[in-house]
Amino acid sequence: MKNLAIYGILSLALVCHACTNSNKNQAPSQQQVTVKDGMVWIPAGEFTMGSSDENFIDAQPLHQVSLEGFWMDEHEVTNAAFAAFVKATGYQTVAEIAPNPRDFPAIPAENLVAGSAVFSPPNYAVDLSNPLMWWKYVKGANWKHPFGDERIAVDDEPVVQVSYTDAIAYAKWAGKRLPTEAEWEYAARAGKEQQPYYWGNDLKPNGKWQANIFQGQFPNADSKEDGHIGVAKVKSYAANAFGLYDMEGNVWEWCNDFYRPDHYENSPKQNPQGPTDSYDPQEPGLVKRVQRGGSFLCSDEYCNRYRAGARGKGEVNSASNNLGFRCVKD
């Protein structure tokens, strides 16, 4: 199996760069939320998908989408849940397997070690046009050791350092699947149509942060104004109207759709499943899937793709310490 995380660091960084309300489908009140086995019922409905923000060209044009109801994990898959999967199956993530020298003939074999991408900012301001200044490929970085050192993953934090390949394996074991991109956005909007943020029009309603994102001077001076530096435990912020936690910020989340920047021009209205193949003009040789929601590294200074309708992307065997997932079920 190829481990493309070595080359995926630049891909991840590029994702972050650039990084009227309708009452037709009102979200249920919190009292109406149905939770079963850690999953929330998302009722069938219709919504306007995408973003009119000029910075999010790949999230255009706006288009109507109609979805059937489905169940969705109320928060990201945690380290504890992923550990249960690994214990039951003996599964090894892509980051735990050394890359095959045949797949990387230009790289000395001694440099092909198991590991993954870790946010490693310098302690000084840098040129924001060079994402490699704050990403490093770290030996031994994986879901158990997200930073590649002695620090161990915390049970009730989202599992990170998981590739699309790993997320799919977990979902199948759990009897679930990854959400389509349309399902993810519909669930995140929870009845709110075409507002700047998934929670509404204001970044900080009543002066309160609504998501775990980066405050301060990116990438070297996180002010921790929202109470967190790095990943936060699940349910650290209030749920949305559907009863879902952390649909914005904290960690990026894998979706099942292939990534194409032009797909919205031809996306079907009824239960869209995404394009049949992948194409990213920035890296045309890599197969990529959609990521959604942004992460703790998103800020309006650099990466603002935690905003409503914005899209991310990632090579299917690459991972990082700000990338996780949640599952859905029919």
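All values derive from a computational prediction rather than experimental measurement.

Participant: Mind showing me how you'd approach the overall build of the protein here?
Facilitator: In terms of regular secondary structure, the protein is built from four helices and 14 strands. What you see for the protein is a C-alpha radius of gyration of 19 Å, in line with the 20 Å of a compact globule of 330 residues. For the protein, the C-alpha atoms occupy an extent of roughly 60 × 45 × 40 Å along the three principal directions. With 330 residues in all, the protein has 56% of them scored as buried. In the structure as shown, the protein presents an accessible area of about 13900 Å², 50% of it carried by carbon and sulfur atoms. Measuring between centres, the 30 positive side-chain charges of the protein sit 4 Å from its 40 negative side-chain charges.

Participant: Would you mind going over the nonpolar core with me for this structure?
Facilitator: The biggest cluster of nonpolar side chains holds 38 residues, and the ones touching the most others in it are F82 and F325. At the level of secondary structure, the elements contributing two or more residues to this core comprise helix 2 (79-89), strand 6 (115-119), helix 3 (164-173) and strand 10 (252-258). The contacts of F82, once residues within four sequence positions are left out, are V77, T93, W143, V159, V162, D166, Y170 and F325. F47, A59, F70 and A187 belong to the second largest nonpolar core, which has 27 residues in total.

Participant: So what exactly am I meant to see when it comes to the packing of aromatic side chains here?
Facilitator: Each aromatic ring pair is specified by the distance between its two centres and by the angle formed by the two planes. Scanning the entire structure with this criterion turns up 21 aromatic pairs. With 5.4 Å between their ring centres and 50 degrees between their planes, F85 and W173 make a pair best called tilted. Of this pair, F85 sits in helix 2 while W173 sits in helix 3, placing them 88 residues apart in sequence. The aromatic ring of F258 is capped on one face by R289, whose charged end is 3.7 Å from the ring centroid.

Participant: I would appreciate a short explanation of helix 2 in the present structure.
Facilitator: An α-helical segment advances 3.6 residues per turn. Residues three or four places apart therefore align on the same side. Along helix 2, the positions that sit buried rather than exposed are N79, F82, F85 and V86. In an axial view of helix 2, the angular spread of the buried residues amounts to 120 degrees, which keeps them on one side of the axis. Exposed side chains of helix 2 directed beyond 90 degrees from the buried face belong to K87 and A88. Elements in contact with the buried residues of helix 2: helix 3. Positive phi shows up at G90, right after helix 2, with a value of about 75 degrees.

Participant: Would you mind going over the pairing of strand 10 with me for this structure?
Facilitator: The side chains of a regular strand alternate between the sheet's two faces. Within strand 10, six of the seven residues are buried, leaving the element largely enclosed by the surrounding structure. Bridge count between strand 10 and strand 13 (residues 323-324): two bridges; the pairing is parallel. Within strand 13, the residue paired with E253 across the bridge is G324. Across three bridges, strand 10 lies against strand 11 (residues 288-292) in antiparallel orientation. Note that in strand 11 the partner of E253 across the bridge is R292.

Participant: Sorry if this is basic, but what is going on with the sheet that holds strand 10 here?
Facilitator: As a general point, the strands of a sheet are linked pairwise by backbone hydrogen bonds and lie either parallel or antiparallel. Across the sheet, which stays open at both edges, the four strands sit in the order 12-11-10-13 with mixed pairing between neighbours. The open sheet is flanked by strand 12 (312-315) and strand 13, the only strands paired with a single partner. Sitting on the sheet, helix 3 touches strand 10 and strand 11, and the angle it makes with strand 10 is about 85 degrees.

Participant: What should I look at first to understand the pattern of salt bridges in this one?
Facilitator: Pairs can form between side chains of opposite charge whenever their charged atoms are close. One pass over the full model with this rule turns up 21 salt bridges. Close ionic contact of D330 with R177 constitutes a salt bridge, the shortest N to O distance being 2.7 Å. Here D330, found in the segment after strand 14 (328-329), pairs with R177, found in the loop between helix 3 and helix 4 (181-189); they are 153 residues apart in sequence, far enough to count as distant. Note that E253 and R326 form a salt bridge whose closest N and O atoms lie 2.8 Å from each other. Within this pair, whereas E253 is found in strand 10, its partner R326 is found in the loop between strand 13 and strand 14, the two being separated by 73 residues in sequence. When sorted by exposure, E253 lands in the same class as R326, which is buried. What you see here is one network of salt bridges that share partners, running through E181, E185, R189, R292 and R311.

Participant: Please clarify how helix 4 should be interpreted in this entry.
Facilitator: Most of helix 4 is tucked away, with nine of its nine residues classed as buried. Two residues or fewer past helix 4, A190 is found with a positive phi of approximately 50 degrees.

Participant: I would appreciate a short explanation of the sheet that holds strand 1 (residues 35-36) in the present structure.
Facilitator: If you trace the four strands from one edge of the open sheet to the other, you get 1-2-5-14, paired in antiparallel fashion. In the strand order of this sheet, the two ends are held by strand 1 and strand 14, each with one partner. Pairing of strand 1 with strand 2 (residues 39-42), which is carried by two bridges, proceeds in the antiparallel orientation. When the sheet's bridge partners are listed, K36 is paired in strand 2 with M39. Strand contacts of helix 4: strand 2, strand 5 (70-73) and strand 14, with the helix running at about 75 degrees to strand 5, the strand carrying the most contacts.

Participant: I keep staring at the pairing of strand 6 and nothing clicks. Help me out?
Facilitator: In terms of residue burial, strand 6 counts as a mostly covered element, since five of its five residues are buried. In this structure, strand 6 lies alongside strand 7 (residues 135-139), joined through five bridges in antiparallel fashion. Bridge pairing in strand 7 places G115 opposite K139.

Calculation notes
Residues numbered from 1 in each chain as written. Predicted model: local features only at pLDDT ≥ 70, side-chain atom pairs only at ≥ 80, totals over all residues. Heavy atoms only, no water. Helix = DSSP H or I, 4+ residues; strand = E, 2+ residues; numbered from the N terminus. Rg over C-alpha atoms; globule rule 2.2 N^0.38 Å. Buried < 20%, exposed > 50% of the residue type's maximum accessible area, 1.4 Å probe, protein only. Areas by Shrake-Rupley, 256 points an atom, 1.4 Å probe, with all protein chains shown as cover. Lys, Arg positive; Asp, Glu negative; His and termini not counted. Charge placed at Lys NZ, Arg CZ, Asp CG, Glu CD. Core = buried A, V, L, I, M, F, W, Y, C linked by side-chain atoms within 4.5 Å. Contact = heavy atoms within 4.5 Å. Phe/Tyr/Trp six-rings, centres within 6.5 Å; stacked < 30°, edge-to-face > 60°. Lys NZ or Arg CZ within 6 Å of the ring centre and 35° of its normal. Arc of directions from axis to C-beta. Pairing = 2+ DSSP bridges. Axes fitted to C-alpha atoms, helices over the stretch in contact; angles between N-to-C directions. Salt bridge = Lys/Arg side-chain N within 4 Å of Asp/Glu carboxyl O.

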